[in-house]
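Fold and contact review
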Amino acid sequence: MVLCQGGEAAAVPAAGGKEPEVPPSREDDAGTGQPCLYPAPGVEAAGAEERRGCGCGCCSGLSWSRCCKAPGTKKKAACPGLGLFYTILSAFLFSVASLFLKKIEDVHSVEVSAFRCIFQMAFVLPGLIYYKTGFLGPKGKRIFLFFRGFLGSTAMILLYYAYQVMPLADATVITFSSPVFTSLLAWIFLKEKYSIWDLLFTLFAITGVILIARPPFLFGSNVTGIEGSYTEHLKGTIAAITSTVSAASTIVILRKVGKSVHYFLSIWYYAVIGLIGCVIALFVMNEWHLPHCGKDRVLLILIGLLGLGGQIFLTKALQIEKAGPVAIMRTMDVVFAFILQILFLNHLPTWWTVGGALCVVASSSGTAIRKWRQTLKKGKENEI
């Protein structure tokens, strides 16, 4: 910069001993006696570069200091609803997969789970190689990945069993009471708040499960609207509840891991541990056999593909969204289950199932509203 007083130069000589050429004073500054600053030749060129803007392509027209790639510039926030959209898409894919599972004949649920794990491994393996994530993950996260795989695969096997012995909507409603268990486990392990409202929502969810299970000591021995015997219905109910707790644990673990582990690696653990467990269980039960019908083979492939897609979108959603809202939005699977059961299985749900579904949806909606208010409150506090 060149400093001038009343239009006369008072700068340090430039290289070569020559005085730099000073631009004439501005009319409004002349004779004021106030110092004025003029850009030196190199600085003026830099200012021109600044005015021309950046060349990254995404910030066209902005100066370099405001470019997204400039040092110290914060990255743009992700789309606020993207995680919830991923969750709904995941719920739809899982619902269609459960419909195909009901259409399969003479194939045990554990074998279906094994086929799904095989497809997941086959499609995730190229992704692991491409992203160079390795097969074990960071040392500090491996224990979380192991339990994610074990609990996730357990939830899948038990859920498939419940789908086979119960009406589709009944099993789905019980399974997607998971938000209340997620809130409870998040309070225990992630130190999130658990208020009297959470307890109330938990009671609502338990009421919904009771209306669907319809235990004989409350509803008598004549239970209508079930598939097969009540013993099988009760086994399916227990399997669905256990699957729900396992799935809630998986959500909490994924939230704990966060973005420090690539989602392909999380699915890889899920598939490998699930396949090992399924193979052991099939040999113990002596249930391993390939389906004879070509239709069943096609449905097995589709279940594997849909399960893979559902897992990818669910894992991505959990990495960019909080555990509570994701668990709540997954209850959209309840709506999909009712629609698919009526349209493709010709099975109208009973009023008990509808009542149980309303209790579960009320519980999930209450949890969603509470989480939303907490998020807004924290956002306002951060702004202040």
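Here the structure is shown first, and the text comes after it.
A brief structural summary. The residue numbers shown here count from 1 along each chain, following its written sequence. Reporting in this predicted model follows two pLDDT cut-offs: at least 70 for local features of residues, and 80 or more for side-chain atom pairs to be given and counted; totals over whole chains, interfaces and linings ignore these cut-offs and use all residues. By convention in this description, side-chain values take in all heavy atoms of the structure and omit both hydrogens and water.

1. Section: unusual backbone geometry
Put simply, the rule reads: Strands are runs of DSSP state E lasting at least 2 residues, helices are runs of H or I lasting at least 4, and numbering of each runs from the N terminus.
Positioned with a positive phi, K132 is a non-glycine residue whose angle comes to about 55°. Of note, N346 is a non-glycine position whose phi angle comes to about 50°, a positive value. Its location among the elements puts N346 in the loop between α13 (332–344) and α14 (351–383).

2. With respect to a positive patch on the surface
Spelled out, the test is: The residues that make up patches have over 30% relative accessible area and no salt bridge, and they are joined within 9 Å when like-charged or within 5 Å when they are Val, Leu, Ile, Met, Phe, Trp or Tyr. Only the protein chains shown count as cover for residues, with accessible areas throughout obtained via the Shrake-Rupley method and a probe of 1.4 Å. Throughout this description, the term salt bridge denotes a Lys or Arg side-chain nitrogen within 4 Å of a carboxyl oxygen of Asp or Glu. Neither His nor the chain ends contribute to the count of charged residues, in which Lys and Arg are positive and Asp and Glu negative. Here the site of a charge means NZ on Lys, CZ on Arg, CG on Asp, or CD on Glu.
On the surface, a cluster of positive charge is made up of K193, K322, R373, K377 and K378. Tracing the chain through its elements places K378 in helix α14.

3. Considerations on the side chain of S109
Quick reminder of the rule: Buried means the residue's accessible area, taken with a 1.4 Å probe over protein chains only, is under 20% of the maximum for its type, while exposed means over 50%, and partly exposed covers the values in between. By definition, residues are in contact when any of their heavy atoms lie within 4.5 Å.
With respect to the helices and strands, S109 occurs in helix α3 (residues 109–131). Relative accessible area serves as the criterion here: at 1%, S109 is assigned to the buried category. Each residue touching S109, except ones within four places of it in the same chain, is listed here: I157, Y160, Y161 and Q164.

4. Thoughts on the side chain of S246
Its place among the elements puts S246 in helix α9 (residues 230–257). Given a relative accessible area of 8%, S246 falls into the buried group. If near-sequence neighbours (up to four positions away) are discounted, S246 is found in contact with L151, T154 and A155.

5. Details of the nonpolar core
Formally: Here, the term nonpolar core denotes a set of buried Ala, Val, Leu, Ile, Met, Phe, Trp, Tyr and Cys residues that are joined through side-chain atoms within 4.5 Å.
The biggest cluster of nonpolar side chains holds 44 residues, and the ones touching the most others in it are V112, Y160, Y163, M166, V173 and I303. With residues near it in sequence (within four places) discarded, V173 still touches I212, V334, F338, G356, A357 and V360. Core analysis: the second largest hydrophobic core is formed by 15 residues, L128, I253, I267 and Y269 among them.

6. What about the packing of aromatic side chains?
The test is simple: Put simply, two rings from Phe, Tyr or Trp (the six-membered ring, in Trp's case) pair if the centres are within 6.5 Å, and we call them stacked under 30 degrees between planes, edge-to-face over 60, tilted for the rest.
In the structure shown here, the tally under the stated rule is nine aromatic pairs. Summarising the aromatic geometry, the rings of Y131 and F264 are spaced 5.9 Å apart at their centres and angled 55° between planes, so their arrangement reads as tilted. Here F264 lies in helix α10 (residues 263–285) and Y131 lies in helix α3, a separation of 133 residues in the sequence. Assessed through its relative accessible area of 12%, F264 is described here as buried. Ring geometry for F146 versus F147: centroids 5.5 Å apart, planes at 75°, classification edge-to-face. Here the aromatic cluster, defined as three or more aromatic residues joined through ring pairs, consists of F85, Y86 and F313.

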